[in-house]
Amino acid sequence: MSRTKLNGIELSLFGLIAAGLVSVVLLTRFMDQHRSLPDPTVQEESLYLNGNTAKRISLGFNGLVADWYWMRSLQYVGGKILKTPGNVSFDNLGSLNLQLLAPLLDTATTLDPQFLEPYEYAAIVLPTVNVDEAIRITRKGIEANPSEWRLYQHLGYIYWQKGDYQTASEVYGTGAQNPAAPPWMLAMKARMAAEGG
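Because the structure is a prediction, the values reported are computed rather than measured. (Residues numbered from 1 in each chain as written. Predicted model: local features only at pLDDT ≥ 70, side-chain atom pairs only at ≥ 80, totals over all residues. Heavy atoms only, no water.)

*Asks:* Just to check I follow, could you spell out the overall build of the protein chain for this structure?
*Replies:* Within the protein chain, the regular secondary structure consists of nine helices and zero strands. Ordered by position in the sequence, the α and β elements of the protein chain form the string α-α-α-α-α-α-α-α-α. Buried positions account for 34% of the 197 residues belonging to the protein chain. Within the protein chain, contacts between residues separated by at least 24 positions form 60% of all contacts whose residues are at least 6 apart in sequence. For the protein chain, the exposed surface amounts to about 12,700 Å²; the carbon and sulfur share of it is 59%. (Helix = DSSP H or I, 4+ residues; strand = E, 2+ residues; numbered from the N terminus. Buried < 20%, exposed > 50% of the residue type's maximum accessible area, 1.4 Å probe, protein only. Contact = heavy atoms within 4.5 Å. Areas by Shrake-Rupley, 256 points an atom, 1.4 Å probe, with all protein chains shown as cover.)

*Asks:* Where do I start with unusual backbone geometry in this structure?
*Replies:* Excluding glycine, most residues fall at negative phi; most peptide bonds, likewise, are trans. Of note in this structure, Asn97 is not a glycine but carries a positive phi near 60 degrees. Within the secondary structure layout, Asn97 lies in the loop between α3 (62-83) and α4 (101-111). For Asn97, a relative accessible area of 22% corresponds to the partly exposed category.

*Asks:* Would you explain helix α5 (residues 116-125) in this entry?
*Replies:* Since the α-helix advances by 3.6 residues per turn, residues separated by three or four positions end up pointing in the same direction. For α5, the buried fraction is high: seven of the 10 residues fall into the buried class. Among all positions of α5, only Leu116, Pro118, Tyr119, Tyr121, Ala122, Ala123 and Val125 are buried.

*Asks:* Would you explain the nonpolar core in this entry?
*Replies:* Most often, soluble globular proteins keep nonpolar side chains buried together rather than apart. One finds Leu101, Leu105 and Leu126 to be the most contacted residues of the largest nonpolar core, which totals 43 residues. Looking at this core element by element, the count peaks at seven residues for helix α7 (residues 149-162). For Leu126, the residues in contact, after removing those within four places along its chain, are Leu101, Ala102, Leu105, Tyr121, Val131, Glu133, Ala134 and Ile137. (Core = buried A, V, L, I, M, F, W, Y, C linked by side-chain atoms within 4.5 Å.)

*Asks:* Please explain the pattern of salt bridges as it appears in this structure.
*Replies:* Close approach of charged atoms allows side chains of opposite charge to pair. A full pass over the atoms with the stated rule returns four salt bridges. Ionic pairing is found between Asp106 and Lys140, a salt bridge with its closest N-O pair at 2.7 Å. Here Asp106 is found in helix α4, whereas its partner Lys140 is found in helix α6 (residues 131-144), with 34 residues between them in sequence. The class of Asp106 is buried, set by a relative accessible area of 18%. Where Arg191 meets Glu195, a salt bridge forms, and the shortest distance between an N and an O atom there is 2.9 Å. (Salt bridge = Lys/Arg side-chain N within 4 Å of Asp/Glu carboxyl O.)

*Asks:* Is there a simple way to explain the side chain of Thr109 in this structure?
*Replies:* Take Thr109: it is sitting in helix α4. Only 2.9 Å separates the side chain of Thr109 from the backbone oxygen of Asp106, close enough to count as a polar contact. If sequence neighbours within four positions are ignored, Thr109 has contacts with Pro118, Tyr119 and Lys140. (Polar contact = N/O pair within 3.5 Å; in protein donor to acceptor, adjacent residues only side chain to side chain.)

*Asks:* Where do I start with the packing of α7 against helix α9 (residues 184-195) in this structure?
*Replies:* Helix-helix packing is characterised by the crossing angle of the two axes and by the distance between the axes. Relative orientation of the contacting elements α7 and α9 amounts to 15 degrees, with a least axis distance of 12 Å. Relative to α9, the element α7 lies roughly parallel. Two packed elements cross with a definite hand, and for α7 against α9 that hand is left-handed. Contact residues: α7 offers Trp149, Tyr152, Gln153 and Trp160, while α9 offers Trp184, Met185, Met188, Arg191, Met192 and Glu195. Partitioning the contact of α7 with α9 into residue classes produces seven nonpolar, one polar and two charged. (Axes fitted to C-alpha atoms, helices over the stretch in contact; angles between N-to-C directions. Parallel < 35°, antiparallel > 145°, perpendicular 65-115°, else oblique. Left-handed = near helix turned anticlockwise from the far one by under 90°. Nonpolar A, V, L, I, M, F, W, Y, C, P; charged D, E, K, R; others polar.)

Everything listed here is a matter of geometry and, on its own, says nothing about what the molecule does.
Set out below in structure tokens:
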């Protein structure tokens, strides 16, 4: 008799679990269908910690925390793209209102100054969002990694797109002095000087 009673309890628990799963599925579908579009005018929160504070409290795990901020910046941009209705032009992400991207990348590079990917991402993505922050973070990368000629190339390209041919020529020229730099860096210096008159 106790075995029959146990089967009844098991059946009741199974029914309760099944009803809960069905409820979760139905609720998720309802929420997906009635989700409102994000309001582009809403201000985003700022980061709770700046780079120097995060560095102090990371307890020596700066590289690990820098990786977290780097991944968070990629997820931030990806989330904005997914939430934007219609097609997104990847050549100009300025319409996505990426206010937190520069602080996220800046914190990652403060935690690990030799971590090159955030600098390069800032140089490629940030100019259409905030060109001054793109220049600042790329220059920060050059100061921390003066032997990385690609950062000079990225910075020169930013100035070229900005129309500041004189500064672009100087940046390409400085980067061309690196022994690892390809010969076309000197050609870019000359081209920028020619375009600038």
